[in-house]
Structure formats: structure tokens, C-alpha cells
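Understanding the architecture of this molecule
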Amino acid sequence: MINERCTINVGEPMKTRYLAATALVVLLLGACVTAPPSQNEGRVAEVIELINDGSVEALVNQSHVPFFFDAELLVRSTDIDLMWSGLRKAGFEIAPVGFAVEPAGPADYPRIADTFDMESFFSPAGYFPEDAGWVVVDSSAGQMLILLGDRIGRLPVIFGIARVR
Amino acid sequence: MKRIILILLALALCGGAAFAQDAEIVYVDYPEVEIKRPGRVAILADFGDELHAGDSVITTRFGEAELELADGGTVSIARDTIYQIQVIQSGGEPQTVMSVALGSVRFKFSTIVGRREPVVGVPTAVAGVRGTEFTAYVAADGATVFVVEEGKVDVSAGGGVVQLVGGQGVEVVPGERPGEPFDALKRAFDFSAYNDERMGELLRNPERAVIGHTRRLAEFADQIEILIPLYEEYKALLDAANTKLETLEGDARQTFFENELVPIRAQTADYFNTMRFYALSGLSLRRYVLGRMYLLLSLEYFDIPADTTYQGFLTAYDEALVIYESRIVPVLDPSDL
């Protein structure tokens with residue numbers, strides 16, 4: 001009696017839809033597990049939106065300290081505030097579409113600069129996060145690189161931004 | 001690899017002294033003050049936090065802090081300031097060296113018989129103090145004004161020395177000797193107005209400021225290069241003395257240890273710590289002064305990067321970085337970052 005009550009009798013078309021939906025959920029869950037926020041295009045798009053339209057305070061909160069601006073390390077949150085405020089004042093804007101997301105590794109530091117500071121920052125013993133990702137964007141200042149990793153809330157943390165040389 | 005060996009040896013030479021408390025935070029505007037320790041992410045400073053050699057205290061635009069030094073002096077750190085405490089071995093004795101990279105810090109040193117007075121460094125000058133109350137104001141371009149309330153301060157920069165007494169002040173701009181002492185009693189020094197004035201000067205002629213700091217960076221590098229062969233010579237002597245010690249026994253071993261090995265070890269540590277002091281001073285200049293100038297100038301000329309003033313700045317800046325990378329970095333360790 002109990003078994004009869006719990007049995008759901010689904011027809012063939014219903015079963016197919018049910019299985020497809022289940023597979024989709026599993027795929028989405030799998031994607032969530034395998035792609036960290038730094039390499040998840042939806043989350044990256046939200047970071048770009050934050051850079052373009054968010055408050056400077058929110059941007060500072062989403063930024064890692066220390067932070068690289070070009071090949072300069074900013075070690076004070078006051079300077080990171082100054083940077084985001086200055087970029088906003090200069091009308092800096094990133095194209096919201098057409099960006100590329102790539103995995104990042106500690107050996108990538110020469111993409112910013114082949115210097116002691118960058119090599120040290122990018123080393124795992126330094127500040128480099130395990131799930132780091134590059135975002136290559138077009139902006140009002142030309143092509144730029146953004147390094148993302150870790151997360152605060154649902155968004156990845158911004159570790160640095162640099163003009164492509 | 002050589003760099004890492006240097007650091008490991010330093011830790012061995014410094015022993016427990018490296019962990020002695022050098023100052024304590026007795027007042028802080030929480031959460032507007034950070035402590036940056038070498039190789040670690042900055043943490044929020046709180047009452048009672050201990051500071052050790054190599055630590056920096058960084059205040060935001062909204063917070064101040066006050067420290068009590070291990071020898072009883074006090075240090076008042078104003079808003080938007082970067083202060084660092086270091087201890088070097090000089091003549092076998094520890095000497096406190098405090099640096100102000102940006103902002104303003106008021107020092108009050110108590111005179112204790114038999115203790116060595118500390119040294120205060122700013123991006124453009126060094127101040128030797130004797131039983132003193134004074135303030136160092138460091139502007140955005142590194143230009144500094146010292147104002148003495150009590151006691152005496154010798155300000156050295158660019159090969160020139162000026163002695164200040166209570167009620168006097170002096171300005172030191174990057175790459176130049178100290179200016180003429182002025183009467184600081186006539187009116188209170190307005191650091192905000194001075195900083196704005198220097199910021200204007202920096203934006204008008206950034207190349208000049210960078211060249212001044214490059215000269216200072218080169219002075220640090222010169223000192224490092226004098227010390228490296230001395231340090232290596234004593235390091236070899238220390239290795240040989242350690243080897244010889246292993247062959248001795250009894251009283252001969254004890255006598256050799258006290259009369260030969262200990263002095264060699266102290267001298268090796270002196271050379272190493274002084275070398276590191278100059279390297280960390282170079283790092284501080286590069287990070288807090290030159291790096292901040294890069295940020296300010298890059299934002300100012302963000303829309304017009306081809307501007308000749310900005311390009312002139314970048315050329316001078318790259319020359320400073322060459323000195324840093326080739327002559328300062330070899331004595332740094334990634335954990336210094």
C-alpha cells in the first residue's frame with residue numbers, strides 16, 4: 001500500500017523530459033564545481049559591470065590588497081581607492097561583451113612585467129590564488145588584463161589590472 | 001638561490017633578537033589602521049598589538065595610531081601615513097631605525113643613559129636625534145619638512161647636514177641638500193597645504209622628483225655594494241671559525257668560541273643587517289614613493305599617455321627601476337614584499 005502511494009507513474013514523453021531536466025541540473029552543478037568564479041563568464045561579466053557602474057566603495061571591497069596596477073603594487077587600500085576613483089574620473093570603461101577568460105598560473109607574471117615584484121606577487125608563497133583566471137578585455141584605454149581569483153560573496157576578487165604592453 | 005641563502009643565514013645570525021618586541025600600539029582608530037608584516041597580508045591593528053623589526057604601520061585617511069617604543073619613547077602616526085620600524089646592529093649594539101615613507105609622524109624620544117638614540121629616515125633625508133620631540137612631514141613627492149619642538153636633530157641629505165634646535169624646521173626636497181632652517185614658532189606648519197603645493201610641483205615637473213629619488217636609490221645601492229664584499233669576507237671567516245671549533249675540545253674550545261668566533265659572528269651580523277637595512281630602505285622608496293608617483297601620474301595622464309611630460313616621467317621612472325632591479329633586489333627576499 002505504501003509503495004503504491006509513493007510510486008509516480010510517468011509516461012514515456014514525461015520520462016524523457018524528466019531525464020533531460022535531471023541531466024541539465026547535473027551538468028550545471030558540474031559546471032559550478034569545475035569552473036571557479038574567476039573563470040565563470042557570468043560572474044566575470046558581473047565584475048566588469050561592477051568596474052563600469054558599481055560604487056568605488058564596492059570596487060575597493062572586491063579588490064585584493066596588495067593589488068597590481070600595471071606593474072605597480074598598491075599595498076594600501078587608500079591607494080586602491082585612489083586608483084578606482086581616478087579611473088572612474090578619467091572615464092575608464094570596459095566593453096561589456098567580447099572579453100576572454102583564461103586560466104592563470106604563477107608563471108604568467110611576465111604578462112604584466114618581468115620584475116621581482118611581479119614574480120614575488122605571483123608566487124604561490126606570495127599572493128597568487130589557486131583558482132586564478134585572466135580576463136582579457138577591450139577598454140577605453142585599449143586592451144587590458146585583469147587577474148581574478150578566490151571570491152568575496154559570489155564574485156571573484158580582483159587581484160590586479162594592467163594595460164597590455 | 002643566492003638571495004634565499006642570504007636570508008636564511010640572516011635568520012641564523014639574528015637568532016632570538018629578530019623576535020623581540022620593538023614597539024606596542026597603545027592607541028588606534030579601529031579599523032582604520034593596518035599592520036603590514038614582511039611576507040604577510042596586512043592585518044587590522046588593535047590596542048596592544050606588538051610591532052617588531054620590519055613591520056609597517058599604515059593609516060588610512062580616517063585613522064591615527066600611537067605607539068610606545070620598547071625604550072619608552074612614543075610615536076604618533078597621523079592619518080594617511082606609512083611608518084616602518086627596523087632594528088639594525090651597529091657596532092655590535094642594536095639601533096632602532098624608524099622610517100616615514102609618507103604622511104606625518106611625531107616622535108618623542110626619552111633620553112636613557114647608555115641607550116643609543118634612534119635614527120629617523122624619510123625618502124629624502126636621515127635625522128639623527130638627541131632627547132627630542134619633533135615631527136616629520138613627508139609629502140606625496142617625498143619632499144619632507146622636519147619641525148623640532150625640543151632637543152636637537154641633525155638632518156642629513158645629499159651630503160649636507162643641518163642641525164635644528166627647538167622651534168626650528170627645515171625642508172628637504174628630493175635629491176637636494178637640506179634647505180635653510182626656518183623659524184617654526186611663527187606659525188603652525190600646515191601639512192595639508194604643503195602636500196597640495198608639492199603635489200602641484202610633482203604634476204608640473206615629475207621627472208625632477210623621480211631623478212632626485214633615483215639618486216637616493218643609487219646611494220642605497222652604493223652602500224649595499226660596499227657591504228657585500230665585507231659581508232662575504234666575514235661569512236667565509238665565520239665558516240672557517242665554525243669548522244675550526246669542531247676540532248677543539250675543553251677549555252681551548254671555550255676560549256676560541258668566546259674570543260674568536262663570537263666577535264666574527266657579531267661583525268658578520270652587523271654587515272648583513274646593515275646591508276638589509278639599505279635594501280629595505282630602497283624597497284620602501286620604490287614601493288611607497290616612486291610607486292605612488294606612478295599611480296598619481298598614470299591617472300593624471302590616463303587619457304593622454306603620449307603627453308611629453310608623462311613620457312619624460314616614464315623614462316626617468318624606468319631608469320630608477322633599473323637601479324632597483326639590478327642593485328637592490330639581489331639583497332631582497334620575496335617575503336619582503
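Criteria and cut-off values
- The residue count restarts for each chain, going from 1 along the sequence in the order it is written.
- Both sets of labels track the order of writing: A upward for chains, 1 upward for ligands.
- For this predicted model, a pLDDT threshold of at least 70 governs which residues receive local features, and a threshold of 80 or more governs which side-chain atom pairs are given and counted, while totals over whole chains, interfaces and linings are taken from all residues.
- Excluded from the side-chain calculations are hydrogens and water; all other atoms, namely the structure's heavy atoms, are used.
- Runs of H or I in DSSP of at least four residues are treated as helices and runs of E of at least two as strands, each being numbered from the N terminus.
- Each residue is assigned to one of three classes by its accessible area relative to the maximum for its type, calculated with a 1.4 Å probe on protein chains only: buried under 20%, partly exposed between the two thresholds, exposed over 50%.
- In this description, contact between two residues means that some pair of their heavy atoms is separated by no more than 4.5 Å.
- A pair of strands is considered paired only if DSSP assigns at least 2 bridges between the two.
- Only the contacting stretch of a helix is used when fitting its axis, a line to C-alpha atoms as for every element, and angles between N-to-C directions run 0 to 180 degrees.
- Put plainly, a pocket is an open set of points on a 1 Å grid over the protein atoms alone with protein on both sides within 12 Å along at least five of seven lines, a cavity is a set where a 1.4 Å probe fits but cannot get out, and a lining residue has an atom within 4 Å of a point.
- Grid points are joined across faces, edges and corners, and a volume is the space filled by probe spheres set on the points.
- In the scheme used here, Gly and all other residues not listed as nonpolar or charged are polar, with Ala, Val, Leu, Ile, Met, Phe, Trp, Tyr, Cys and Pro taken as nonpolar and Asp, Glu, Lys and Arg as charged.
- A patch consists of residues exposed above 30% relative accessible area that lack any salt bridge, with like charges linked at up to 9 Å and nonpolar side chains (Val, Leu, Ile, Met, Phe, Trp, Tyr) linked at up to 5 Å.
- Only the protein chains shown count as cover for residues, with accessible areas throughout obtained via the Shrake-Rupley method and a probe of 1.4 Å.
- Should a side-chain nitrogen of Lys or Arg be within 4 Å of a carboxyl oxygen of Asp or Glu, the pair is scored as a salt bridge.
- Think of it this way: Lys and Arg go in the positive column, Asp and Glu in the negative one, and His and the chain ends go nowhere.
- Where a charge lies is defined by one atom per residue type, namely NZ (Lys), CZ (Arg), CG (Asp) and CD (Glu).
- Polar contacts, as counted here, are pairs of nitrogen or oxygen atoms within 3.5 Å of one another; within protein the pair requires one atom able to donate a hydrogen and one able to accept it, and residues that are adjacent in sequence qualify only if both atoms are side-chain atoms.
- Buried area is a sum: the accessible area each of two parts loses on coming together, probed at 1.4 Å, counted once for each and added.
- Angle categories: roughly parallel below 35 degrees, roughly antiparallel above 145, roughly perpendicular from 65 to 115, and oblique for all the rest.
- A crossing counts as left-handed when the near helix is turned anticlockwise from the far one by less than a right angle, and as right-handed when that turn is clockwise.

**Brief notes about the environment of Phe62(B)**
Residue and element names in this part refer to chain B. Here Phe62 lies in the loop between strand S5 (56–59) and strand S6 (65–69). You can call Phe62 exposed: its relative accessible area is 52%. The residues contacting Phe62, other than those within four sequence positions of it, are Asp29, Glu32 and Arg79.

**A few points about the sheet that holds strand S1 (residues 63–69) of chain A**
All names here are of chain A. Pairing is mixed in the open sheet, where 6 strands are placed in the order S2-S1-S6-S5-S4-S3. Sheet topology places strand S2 (72–74) and strand S3 (100–103) at the edges, where each strand pairs with a single neighbour. Sheet twist, expressed as the average angle between the axes of neighbouring strands with direction ignored, equals 25 degrees. Of the pairings in the sheet, the one linking strand S4 (residues 133–139) to strand S5 (residues 142–152) comprises 7 bridges and is antiparallel in character. Bridging from a neighbouring strand, Trp134 pairs with Leu147 of S5. Here helix H3 (residues 41–53) sits on the sheet in contact with S3, S4, S5 and strand S6 (155–163), set at roughly 60 degrees to S6. Running over the sheet, helix H5 (residues 77–89) touches S1, S2 and S6 and is turned about 60 degrees from S1.

**Concerning the pairing of strand S7 (residues 74–77) of chain B**
Residue and element names in this part refer to chain B. With burial as the criterion, only one face of S7 is covered, namely that bearing Val75 and Ile77; the residues Thr74 and Ser76 on the opposite face remain uncovered. Relative to S7, S6 runs antiparallel, the two sharing 4 bridges. Note that in S7 the partner of Ala65 across the bridge is Ile77. Count of turn residues in the S6/S7 antiparallel hairpin: 4 residues, of which Gly72 carries a positive phi of about 105 degrees. Where S7 meets strand S9 (residues 93–108), 4 bridges bridge the pair, whose relative direction is antiparallel. Residue Val75 lies in a different strand from S9, and its bridge partner there is Phe107.

**Some thoughts on the environment of Gly169(B)**
Residues and elements named next belong to chain B. Following the sequence through the fold, Gly169 ends up in strand S14 (residues 168–172). On the basis of relative accessibility, which here comes to 0%, the residue Gly169 falls in the buried class. For the pair Gly169 and Glu180, spaced 11 residues apart in the sequence, the C-alpha separation amounts to 8.7 Å. In this structure, Gly169 is in contact with Phe146, Val147, Leu164, Glu180, Pro181, Phe182 and Ala184, ignoring residues within four places of it in sequence.

**Points about the layout of surface pockets**
All names here are of chain A. For the second largest pocket, the calculated volume is near 720 Å³. Here the lining of the second largest pocket takes 7 residues from H5, the largest share from any one element. Of the residues contributing to the lining of the second largest pocket, the split by class is 12 nonpolar, 7 polar and 10 charged.

**Structural notes on a negative patch on the surface**
On the surface, a cluster of negative charge is contributed by Glu24(B), Glu50(B), Glu66(B) and Glu68(B). Note on placement: Glu24(B) falls in strand S1 (residues 23–28).

**Describing the pattern of salt bridges**
Following the criterion strictly, the structure yields 24 salt bridges over all chains and no others. In this structure, the salt-bridge partner of Asp79(A) is Arg292(B), at a minimum N-O distance of 2.8 Å. You can see Asp79(A) sitting in helix H5 and its partner Arg292(B) sitting in helix H4 (residues 250–300), one on each of two chains. For the pair Asp79(A) and Arg292(B), a shared accessibility class is recorded, and that class is buried. Between Glu176(B) and Arg208(B) there is a salt bridge whose closest N-O contact spans 3.0 Å.

**Points about the side chain of Ser38(A)**
Residue and element names in this part refer to chain A. Note on placement: Ser38 falls in the loop between helix H2 (12–34) and H3. On the basis of relative accessible area, Ser38 is assigned to the buried category, the value being 0%. Within polar-contact distance, the side chain of Ser38 engages the backbone oxygen of Asp131 at 2.4 Å.

**A short note on the interface of chain A and chain B**
Contacts between the two partners involve 27 residues from chain A, matched on the other side by 35 residues from chain B. Summed over both sides, the interface between chain A and chain B buries roughly 2600 Å², with carbon and sulfur atoms accounting for 62% of that surface. The largest contributions to the chain A side of the interface with chain B come from Glu72(A), Arg76(A) and Phe116(A), which together make up 28% of the buried area. Counting every contact that joins chain A to chain B gives 6 salt bridges. Applying the counting criterion to the chain A and chain B interface returns 11 residue pairs in polar contact (both at pLDDT 80 or more). Looking at the side of chain A that touches chain B, the elements that each hand over two or more residues are S1, S2, H5 and helix H6 (116–122) of chain A. The element best represented in the side of chain A that touches chain B is H5(A), accounting for 8 residues.

**Re the packing of helix H2 (residues 191–204) of chain B against H4(B)**
Residue and element names in this part refer to chain B. The interhelical angle for the contact between H2 and H4, taken along N-to-C directions, is 65 degrees, at an axis separation of 11 Å. The orientation of H2 with respect to H4, classified from their angle, is roughly perpendicular. Between H2 and H4 lies a crossing whose hand is right-handed. Within the contact between the two elements, H2 uses Met199, Leu202 and Leu203 and H4 uses Met293, Leu296, Leu297 and Glu300. Of the residues that constitute the contact of H2 with H4, the class distribution is 6 nonpolar, no polar and 1 charged.

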